[in-house]
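Listed here are the chains, written in short residue letters.
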Amino acid sequence: MPETVAWREGVTVVRAESLDRAMRGPSGTGRATAFDFAGTGGRATWVGTVTLPPNAKTGAHHHGRHEVAIYVVKGRSEIRWGARLEFAAEVGAGDFVYFAPFVPHQEFNVDARETVDFVVVRSDNEKIVVNLDVMPVERPETVC
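Because the structure is predicted, anything quoted here is derived from the model rather than measured. Residue numbers here run from 1 along each chain, matching the order of that chain's written sequence. The predicted origin of the model limits local features to residues at a pLDDT of at least 70 and limits the giving and counting of side-chain atom pairs to 80 or more, whereas totals for whole chains, interfaces and linings rest on all residues. To get the side-chain values, take all heavy atoms of the structure and skip hydrogens and water.

Participant: What am I meant to see in empty space enclosed by the protein here?
Facilitator: The probe, sized like a water molecule, is rolled over the atoms to show the empty space still left. Only protein atoms enter the calculation, which uses a 1 Å grid: trapped sets of points that fit a 1.4 Å probe without letting it out are cavities, open sets showing protein on both sides within 12 Å along at least five of seven lines are pockets, and any residue with an atom within 4 Å of a point is a lining residue. Grid points are joined across faces, edges and corners, and a volume is the space filled by probe spheres set on the points. Scanning all chains against the criterion turns up one cavity of 30 Å³ or more. The calculated volume of the largest cavity comes to roughly 30 Å³. Lining the largest cavity we find H62, H63, G64, H66, V68, F99, A100, P101, F102, V103 and H105. Residue composition of the lining of the largest cavity, by class: six nonpolar, five polar and no charged. All amino acids are sorted into three groups, where Ala, Val, Leu, Ile, Met, Phe, Trp, Tyr, Cys and Pro are nonpolar, Asp, Glu, Lys and Arg are charged, and the leftover types, Gly among them, are polar.

Participant: Got a minute to help me understand the pattern of salt bridges in this structure?
Facilitator: Close approach of charged atoms lets side chains of opposite charge pair. We define a salt bridge as a side-chain nitrogen of Lys or Arg found within 4 Å of a carboxyl oxygen belonging to Asp or Glu. On inspection of all chains with the given rule, the structure shows two salt bridges. In this structure, D117 engages K74 in a salt bridge whose closest nitrogen and oxygen atoms are separated by 3.9 Å. Separated by 43 residues along the polypeptide, D117 in strand β9 (residues 116–122) and K74 in strand β4 (residues 68–74) bring together distant segments of the chain. Note on classification: 1.4 Å probe, protein chains only; a residue is buried when its accessible area is under 20% of the maximum for its type, exposed when over 50%, partly exposed between these limits. Residue K74 is classed as partly exposed on the basis of its relative accessible area, which comes to 35%. For E90, the salt bridge is made with R76, and the minimal N-O distance between the two is 2.7 Å. In this pair, E90 sits in strand β6 (residues 87–92) while R76 sits in strand β5 (residues 76–81), placing the two residues 14 residues apart along the sequence. Residue E90 is classed as partly exposed on the basis of its relative accessible area, which comes to 49%. Residue R76 is classed as partly exposed on the basis of its relative accessible area, which comes to 35%. Elements are defined by DSSP. Helices are runs of H or I of four residues or more, strands are runs of E of two residues or more, and each kind is numbered from the N terminus.

Participant: Mind showing me how you'd approach the nonpolar core here?
Facilitator: If you look at soluble globular proteins, the nonpolar side chains tend to sit buried side by side. By convention a nonpolar core is built from buried Ala, Val, Leu, Ile, Met, Phe, Trp, Tyr and Cys residues, the set being connected through side-chain atoms within 4.5 Å. If you look at the biggest cluster of nonpolar residues, it comprises 14 residues, and the most contacted ones within it are I70, I79, V97, F99, F118 and V120. For this core, the secondary-structure elements that each account for two or more residues are β2 (46–52), β4, β7 (96–99) and β9. Should any heavy atoms of two residues lie within 4.5 Å, those residues are counted as being in contact. Excluding its chain neighbours within four sequence positions, the residues that come into contact with F118 are G48, T49, V50, L52, I70, Y71, V72, V73, S77 and E107.

Participant: Hey, could you run me through the confidence of the model for the protein in this one?
Facilitator: Any region with low pLDDT has predicted coordinates that should not be read closely. In the predicted model, the protein carries a mean pLDDT of 80, and 70% of its residues have values of at least 70. A score between 0 and 100, pLDDT records how confident the predictor is in each residue. Averaged pLDDT values over the elements of the protein bottom out at 62 in strand β1 (residues 31–36) and peak at 93 in strand β8 (residues 105–109).

Structure representation (structure tokens):
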């Protein structure tokens, strides 16, 4: 007779309100962790949200040996990448972007009035962010 599996703990729901409070609360940074599997027996994956205010941009950075994928939920963003951020692509709602390990990149909200909202999946729980001192090219090459 097959063993019965107790699936009650197999699914976790994170409510939008809790992410919203984390992102906009007193210590809110525009980032909120939905799932951080460290210490739970889950895989080494981080899932969360990032919101960039109008005309805001991140600094040039990379995530070390880890892979990162983003899904654009709302808004428009220019993604720049390369040693001098010499490549660029504009992305919008419904688009996905994948960052290979060690690729220098930057996200920029190109809208002056609306936020850009991303869902982010990272192949780590270590929160590796390597900030880079980069002199970006003036006009990046548009890719795709």
